[in-house]
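One letter stands for each residue in the lines below.
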Amino acid sequence: MQDAHQSLTTLRAQIDETDDRIVALLAQRFMLTRQVGECKVAIGEPPISPARQTERQHLLSQLASKHRVDELLVRHLFDVVRQHTLADHQRIAAESFVDFQDVASGNERTQNYG
Ligand SMILES: O=C(O)C(=O)C[C@]1(C(=O)O)C=C[C@@H](O)C=C1
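Please read these numbers as outputs of a predicted model, since none were measured by experiment.

Here is what the cut-offs are and how they apply
- Residues numbered from 1 in each chain as written.
- Predicted model: local features only at pLDDT ≥ 70, side-chain atom pairs only at ≥ 80, totals over all residues.
- Heavy atoms only, no water.
- Patch = residues over 30% accessible without salt bridge, like charges linked within 9 Å, V, L, I, M, F, W, Y side chains within 5 Å.
- Areas by Shrake-Rupley, 256 points an atom, 1.4 Å probe, with all protein chains shown as cover.
- Salt bridge = Lys/Arg side-chain N within 4 Å of Asp/Glu carboxyl O.
- Lys, Arg positive; Asp, Glu negative; His and termini not counted.
- Charge placed at Lys NZ, Arg CZ, Asp CG, Glu CD.
- Helix = DSSP H or I, 4+ residues; strand = E, 2+ residues; numbered from the N terminus.
- Contact = heavy atoms within 4.5 Å.
- Near = heavy atom within 4 Å.
- Polar contact = N/O pair within 3.5 Å; in protein donor to acceptor, adjacent residues only side chain to side chain.
- 1 Å grid on protein atoms, 1.4 Å probe; cavity = no way out; pocket = protein on both sides within 12 Å on 5 of 7 lines; lining within 4 Å.
- Sits in = over half its atoms within 2 Å of the grid points.
- Nonpolar A, V, L, I, M, F, W, Y, C, P; charged D, E, K, R; others polar.
- Points joined across faces, edges and corners; volume = space filled by probe spheres on them.
- Buried < 20%, exposed > 50% of the residue type's maximum accessible area, 1.4 Å probe, protein only.

(A) Summary view of a negative patch on the surface. Taken together, the side chains of Asp16, Glu17, Asp19 and Asp20 define an acidic patch exposed on the protein surface. As for its position among the elements, Glu17 is in helix α1 (residues 2-43).

In structure tokens, the structure reads:
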């Protein structure tokens, strides 16, 4: 019984460490997708990339199978992440449009964005 208590404590510590890594990886992904959003604005691509999304759905199915994780769960999780990314991309596009309008009208507000 004492062994089970010990194991529970150890396993929970490992869960906490794993969650730390998952959140750190999410932060890294959002840092990358933010840069993708800026590139899209720079080259005039819309925030949503349907072809890329289809490609990613195939990739995620393969990853779920490779790591033996429920495919539906993986899809749901990444749907939430993608929605967040899209909102980010729409905000970046809207801000750059405001910047563009400010430059076009000679408004100096853009200089405060940093
Ligand atoms: O790869 C891209 O173009 C992204 O913007 C990333 C991403 C994603 O988060 O997976 C987000 C939105 C797109 O529609 C497709 C993929």
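Having seen the structure, we can now continue with the description.
(B) Spotlight on the environment of Leu60. Examined against the element boundaries, Leu60 turns out to sit in helix α2 (residues 50-66). Counting along the chain gives 14 residues from Leu60 to Val74, while the straight-line C-alpha distance between them is 7.1 Å. Beyond its immediate sequence surroundings of up to four residues, Leu60 is in contact with Val74 and Phe78.

(C) Seen up close, the site of the ligand. For the ligand, the full set of nearby residues is Arg29, Val36, Lys40, Ile48, Ser49, Arg52, Gln53, Arg56, Arg82, Thr85, Leu86 and His89. Within the side chain of Lys40, a nitrogen or oxygen atom sits 2.8 Å from an oxygen atom of the ligand. Within the side chain of Arg52, a nitrogen or oxygen atom sits 2.6 Å from an oxygen atom of the ligand. According to the grid-proximity analysis, the pocket containing the ligand is the largest pocket. Of all the elements in the fold, those that place two or more residues in the shell around the ligand are α1, α2 and α3 (71-105). Considering every element that reaches the shell around the ligand, the biggest residue donor is α3, with four residues. Of the residues contributing to the shell around the ligand, the split by class is three nonpolar, four polar and five charged.

(D) Representation of the layout of surface pockets. In this model, the largest pocket occupies a volume close to 1,100 Å³. Every element with two or more residues in the lining of the largest pocket is listed here: α1, α2 and α3. In terms of residues, the lining of the largest pocket owes the most to one element, α3, which gives 11 residues. Taken together, the residues of the lining of the largest pocket break down into 17 nonpolar, eight polar and seven charged.

(E) Spatial organisation of the pattern of salt bridges. In total, this model carries six salt bridges according to the counting rule given. Linking Glu55 and Arg52 is a salt bridge whose minimum nitrogen-to-oxygen distance equals 3.0 Å. Highlighted residues: Glu55 and Arg52, both in helix α2, separated by three residues, approximately one helical turn. A residue is classified by how much of its surface remains accessible, and Glu55, at 47% relative accessible area, is partly exposed. By relative accessible area, which is 43% here, Arg52 ends up partly exposed. Close ionic contact of Arg82 with Asp79 constitutes a salt bridge, the shortest N to O distance being 2.7 Å. Of the two residues, Arg82 and Asp79 both sit in helix α3, three residues apart, roughly one turn of that helix.

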